[in-house]
Amino acid sequence: ISVNYLPENREYLYNFVFDNCATRPRELINQIVKPKTIEAVNEIEYKSFRDWVGAYTGKYSWLQFGIDLVFGRDADEYATPYQAMFLPEVLYKSYDGAKIVDPSGTETPFISEERYLVEKRDELQKSTLFSKPIFVTVLMLLIGLIITFRENKKKKHYKIMDFLLLLITGIAGL
């Protein structure tokens, strides 16, 4: 950890899944433990990256919507147990109860002591239908249909509607 704290190592190209605050310590642990191995006792579920993240963001939330846009279809790939350790709680679960085994077969507990710096607090957020992406999407669809019917009825073309539609979908596609 002190090596990562050096000024030349403080900045790095962050990757939400493959290079983050959970994967960095995991890689350091693997370097330090070699040639010994770590035997985990807890099985990690076999799920897609989208399912792993969805467990923390809430179903149908704006955060999940944004992550789905950023991840794209790559989020549907299944994460190996090693890759699933990009989430700090999964990293903890995988090492909880694990043992370090040296080449002679001697086992040492991987975690000798636990300390929490900050206690976890579950905060329930009140969610209404109006605060979900599906509502906004249906509302935009209805507005688009109303404008389209009006255009056809009046034989008039509203270019601003096309501009906004293409702008929004273009920005979302980045």
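Every chain is numbered on its own, with residues counted from 1 as its sequence reads. Local features are withheld for residues below a pLDDT of 70 in this predicted model, meaning they are given only at 70 or higher, and side-chain atom pairs are given and counted only at 80 or more; totals for whole chains, interfaces and linings count all residues. In computing side-chain properties, one takes all heavy atoms of the structure into account and sets aside hydrogens as well as water.

Enquirer: Even after reading the chapter, I still don't get a positive patch on the surface, so can you show me in this structure?
Expert: Patch rule: a residue counts if its relative accessible area is over 30% and it has no salt bridge; like charges are joined within 9 Å, and nonpolar side chains (Val, Leu, Ile, Met, Phe, Trp, Tyr) within 5 Å. Residue burial considers only the protein chains on display, and all accessible areas are found by Shrake-Rupley using a 1.4 Å probe. Any carboxyl oxygen of Asp or Glu that lies within 4 Å of a side-chain nitrogen of Lys or Arg is treated as forming a salt bridge with it. The sign given to each residue is positive for Lys and Arg and negative for Asp and Glu; His and the chain ends receive no count. Where a charge lies is defined by one atom per residue type, namely NZ (Lys), CZ (Arg), CG (Asp) and CD (Glu). On the surface, a cluster of positive charge is made up of Arg-150, Lys-153, Lys-154 and Lys-156. One can find Lys-156 in the loop between α5 (133-154) and α6 (159-173). Think of it this way: any DSSP run of H or I at least four residues long counts as a helix, any run of E at least two long counts as a strand, and we number them from the N terminus.

Enquirer: What exactly am I supposed to notice about α5 here?
Expert: Residues three or four positions apart in an α-helix share a direction because the helix packs 3.6 residues into each turn. Compared with an ideal rise of 1.5 Å per residue, which puts 22 residues at 32 Å, α5 spans 32 Å between its outermost C-alpha atoms and is within 8% of the ideal. Between buried and exposed lies partly exposed: a residue is buried under 20% and exposed over 50% of the maximum accessible area for its type, with that area taken using a 1.4 Å probe on protein chains only. When we look at burial in α5, the residues that qualify are Pro-133, Gly-144 and Glu-151. Axial view of α5: buried residues confined to an arc of 25 degrees, hence all on one face. Structural note: α5 exposes Ile-134, Ile-146, Phe-149, Lys-153 and Lys-154 on the side pointing more than 90 degrees away from its buried face. Positive backbone phi, approximately 55 degrees, marks Lys-155, located one or two places after α5. To estimate how far a helix should reach, multiply one less than its number of residues by 1.5 Å. Starting at the helix axis, one direction is taken to each C-beta atom, and the arc is that of these directions.

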